[in-house]
Amino acid sequence: GQVFLDQFVHHPLLYFPVFYATREAVMSEKPDLVKAMTTYKDNMKEDLAALWKVWVPSTFVNFAFMPMWARIPWVAGTSLLWTCILSAMRGGDVSHKSDIEAPFPTGTTFTLVKEGLDE
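The numbers attached to residues start from 1 for each chain and follow its sequence in the written order. Local features in a predicted model are, by the rule used here, given only for residues with pLDDT of at least 70; side-chain atom pairs are given and counted only at 80 or more, and totals for whole chains, interfaces and linings are based on all residues. As a rule here, side-chain values come from all non-hydrogen atoms in the structure, and water together with hydrogens is ignored.

What follows is about the overall build of the protein chain. Looking only at helices and strands, the protein chain has five helices and zero strands in total. Runs of E in the DSSP output that reach at least two residues are strands. Runs of H or I that reach at least four are helices, and both are numbered from the N terminus. Tracing the protein chain from N to C terminus, the helices and strands come up as α-α-α-α-α. Burial classification: accessible surface area is computed with a 1.4 Å probe over protein chains only, and a residue below 20% of its type maximum counts as buried, one above 50% as exposed, and the rest as partly exposed. Counting over 119 residues, the protein chain shows a buried share of 29%. The contact criterion used is simple: two residues touch if any of their non-hydrogen atoms lie within 4.5 Å. Considering only residue pairs separated by 6 or more positions, the protein chain has 51% of its internal contacts joining residues 24 or more positions apart. Carbon and sulfur atoms form 68% of the exposed surface of the protein chain, whose accessible area is close to 8100 Å². To be clear on the numbers: accessible area is Shrake-Rupley with a 1.4 Å probe, and residue cover counts the displayed protein chains and nothing else.

Turning to the packing of aromatic side chains, a few remarks are in order. Stacked, tilted and edge-to-face pairs are distinguished by plane angle, under 30 degrees for stacked and over 60 for edge-to-face with tilted covering the rest, among Phe, Tyr and Trp rings (Trp via its six-membered ring) whose centres lie within 6.5 Å. Throughout the structure, instances matching the rule amount to eight aromatic pairs. Ring plane angle 40° and centroid distance 4.8 Å describe the contact between Phe8 and Trp52, whose orientation is recorded as tilted. Of this pair, Phe8 sits in helix H1 (residues 2-27) while Trp52 is found in helix H2 (residues 33-65), placing the two residues 44 residues apart along the sequence. Consider the rings of Phe19 and Tyr20, whose centres lie 5.1 Å apart with planes at 85°: the pair is edge-to-face. Through a chain of ring-to-ring contacts, three or more aromatic side chains come together here, namely Tyr15, Phe16, Phe19, Tyr20, Tyr40 and Trp82.

Next up, the structure:
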């Protein structure tokens, strides 16, 4: 029940709308909440598919195989991985926008990270 609520209620109705609103507020000179929600609507299918590809299997592994002491570190590691994926997908590097809009990290993603580290 909790996994269902998290994946199919919390993420689509709270997590991603707040993410897109915050992103708009931080990255736009004139934040527009309607624009942010329109962007979310356009990206919703890809975003949720990517989220579920990471979190559903991770949650299964966590509850099926992880000993109690390892569950929090497992979720923290998954969270770090998810944050990197979401940043690569929707981080907003405008000069490379077409290269990074993908539902998963690509070779381009890793090239962009390397370029950022080299600067």
